[in-house]
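A closer look at the structure
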Amino acid sequence: MILYIASIAGANVFMILLSIFHNVYNLQIWQILVASLCGTVGVIAIDGVFATIVRHCLPNKWFDHTVKMHLVGKKECSFYELLGIKHWKDNVLELGMFTSFSKKTISQPDSKEYMERFIMECNYGIWVHIACILSGWLLCLFYPAKLFLYFPLTICVVNSILNRLTTMIYRYKVPRHHRMRNLLKRKETRAATIQENLEEESN
């Protein structure tokens, strides 16, 4: 969250200063401030719309834990660790407000069923942020071409970077969730076997 807010604030300061000191189009201060604010709010709104579309319009089976496309290898995780993901992953905002998933939706949050749903939500999250990276560039359509270097370019670049960081975090977490899911599956299998043996002995 901290990184997200700092990045947005930094981008706005950069856009405002660039527009003021390189004001070849003679923009008024209030025009610069409005253009900067509208661009920031606009890209967040676009992200929200496409995040909602991905999460609520695409079928769950595409994001199931068994879909091989979503599996993450050790080399990819090692690469993220080289980038220091452990140190900054908690400071990046995730668009969790656009998902209906909650621990309350499953009766046993520490069950195999819960982890499978959690993995599915991570897979959704990855593609939500990929959609935001691409859709964010639609912001450029709402600005005159002459202002491209001042406002939409900076906003879209920052939006792409922040969403890319979030996809990396989700990808980094997925293998751990799979390991937990497999562990819970083994525990549930052993518990079921013990229960069956007890019932056989009682009979």
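A quick note: this is a predicted structure, and the numbers were derived from the prediction, not measured.

What about empty space enclosed by the protein?
Following the criterion strictly, the structure yields two cavities of 30 Å³ or more and no others. Of the pockets and cavities examined, the largest cavity occupies roughly 110 Å³. Put simply, the parts of the chain that give the lining of the largest cavity at least two residues each are helix 1 (2–21), helix 2 (29–57) and helix 6 (152–202). In terms of residue count, the dominant contributor to the lining of the largest cavity is helix 1 (five residues).

Considering the environment of K112
One can find K112 in helix 5 (residues 112–135). Its relative accessible area of 22% is what places K112 among the partly exposed residues. Every residue in contact with K112, bar those within four places of it in the chain, is listed here: R181, L184, K185 and E188.

What to know about the nonpolar core
Of all hydrophobic cores here, the largest spans 14 residues; its most connected members are I85, W88 and M168. Within the residue set of this core, elements represented by two or more residues are helix 3 (74–82), helix 4 (85–88), helix 5 and helix 6. Ranked by residue count, the leading element in this core is helix 6, at six residues. If sequence neighbours within four positions are ignored, M168 has contacts with Y80, L83, I85 and W88. Of all hydrophobic cores here, the second largest spans 13 residues; its members include L139, C140, Y143 and Y150.

Describing the packing of aromatic side chains
Tallied over the entire structure, the rule returns five aromatic pairs. On the basis of an interplanar angle of 40° and a centroid distance of 5.7 Å, the ring pair of Y114 and F118 is categorised as tilted. Of this pair, Y114 and F118 are both found in helix 5, four residues apart, which corresponds to roughly one turn of the helix. The exposure class of Y114 is buried, given its relative accessible area of 6%. Residue classification places F118 among the partly exposed residues on the basis of a relative accessible area of 26%. Aromatic side chains Y143 and F151 sit 6.0 Å apart centroid to centroid with 20° between the ring planes, which places their arrangement in the stacked category. Overall, F151 belongs to the buried group, its relative accessible area being 0%. Three or more aromatic residues joined by ring pairs form one cluster here, namely Y143, Y150 and F151. Lying over the aromatic face of Y124, R55 brings its terminal NZ or CZ to 4.0 Å of the ring centre.

Here is what the cut-offs are and how they apply
- Residues numbered from 1 in each chain as written.
- Predicted model: local features only at pLDDT ≥ 70, side-chain atom pairs only at ≥ 80, totals over all residues.
- Heavy atoms only, no water.
- 1 Å grid on protein atoms, 1.4 Å probe; cavity = no way out; pocket = protein on both sides within 12 Å on 5 of 7 lines; lining within 4 Å.
- Points joined across faces, edges and corners; volume = space filled by probe spheres on them.
- Helix = DSSP H or I, 4+ residues; strand = E, 2+ residues; numbered from the N terminus.
- Buried < 20%, exposed > 50% of the residue type's maximum accessible area, 1.4 Å probe, protein only.
- Contact = heavy atoms within 4.5 Å.
- Core = buried A, V, L, I, M, F, W, Y, C linked by side-chain atoms within 4.5 Å.
- Phe/Tyr/Trp six-rings, centres within 6.5 Å; stacked < 30°, edge-to-face > 60°.
- Lys NZ or Arg CZ within 6 Å of the ring centre and 35° of its normal.

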